[in-house]
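# Commentary on secondary and tertiary structure
Chain residues, written in single-letter form:
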Amino acid sequence: IIEHVKTLDYVDPARIGLIGMSHGGEMVLKITSEYQGVAAAVACEPASHEYLALTPDDTAFVNDETQLRNIENMQMAEVEKVRRRIDTDTAMRRINAIDTPILVMGREDDHLQGIFRTTYELLNQAGKDVEWVSFDHHIHGYIYPQRSAGGDYEVDDVQQEAIDAIVSWLDRRLKS
């Protein structure tokens, strides 16, 4: 898809950026580990537990209906707890392949904040071009505003600050 987008007349192929939230944030990490054709990427609230090879705690289970792992009740707010449960060698092997600048965004008081922050810390430890920012918002996916019944976007002050931070960071990274 990215290679196709680069062929479009109105796209500067040297200025492609990605933004992913939650599992999409983990996909940003997976893509940038295997593909070097993106100029910058944002991983917001990256649910990167699989990417970091994290062994889930006892609250995780496989949903019988979907056969997917449900981690919604997993309490991984502390970096120390996350670090004890990851396969650091596997995580670092994956991270070492990344050449793309990444902005990692957390969410204060999220039960997975330790995963978000550990993702940033391991990227930083590996010497990657990475920055961290975290916001205090009650909605998972706060960077994607909801529309009101009238069709207008409803953006609160924290969301606006987060969106402005993303735009500013991407603007600095995608300048030609």
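Cut-offs used in this document
Residues numbered from 1 in each chain as written. Predicted model: local features only at pLDDT ≥ 70, side-chain atom pairs only at ≥ 80, totals over all residues. Heavy atoms only, no water. Helix = DSSP H or I, 4+ residues; strand = E, 2+ residues; numbered from the N terminus. Rg over C-alpha atoms; globule rule 2.2 N^0.38 Å. Buried < 20%, exposed > 50% of the residue type's maximum accessible area, 1.4 Å probe, protein only. Contact = heavy atoms within 4.5 Å. Lys, Arg positive; Asp, Glu negative; His and termini not counted. Charge placed at Lys NZ, Arg CZ, Asp CG, Glu CD. Core = buried A, V, L, I, M, F, W, Y, C linked by side-chain atoms within 4.5 Å.

What follows is about the overall build of the protein. The number of helices and strands found in the protein is six helices and eight strands. What you see in the protein, going N to C, is helices and strands ordered as α-β-α-β-β-β-α-α-β-α-β-β-β-α. For 176 residues, the compact-globule estimate of 2.2 N^0.38 gives 16 Å, and the C-alpha radius of gyration of the protein, at 17 Å, lies within 12% of that figure. Within the protein, the fraction of its 176 residues that count as buried is 43%. Contacts in the protein between residues far apart in sequence, at least 24 positions, make up 67% of those at least 6 positions apart. Here the protein holds 17 positive side-chain charges and 31 negative ones, and the gap between their average locations is 6 Å.

Turning to the nonpolar core, a few remarks are in order. Ranked by size, the top nonpolar core spans 31 residues in total, and within it Leu52, Met74 and Ile115 carry the most contacts. Sorting the residues of this core by element identifies α2 (23-34), β2 (40-44), α4 (88-96), β5 (102-107) and α5 (113-125) as the ones contributing at least two each. Considering each element in turn, this core owes the most residues, five residues, to α5. Beyond its immediate chain neighbours, meaning those up to four positions away, Ile115 contacts Pro46, Ser48, His49, Leu52, Leu54, Met74, Met76 and Val82. In terms of nonpolar packing, the next biggest core, distinct from the first, is built from 14 residues, Ala40, Val42, Trp169 and Leu170 among them.

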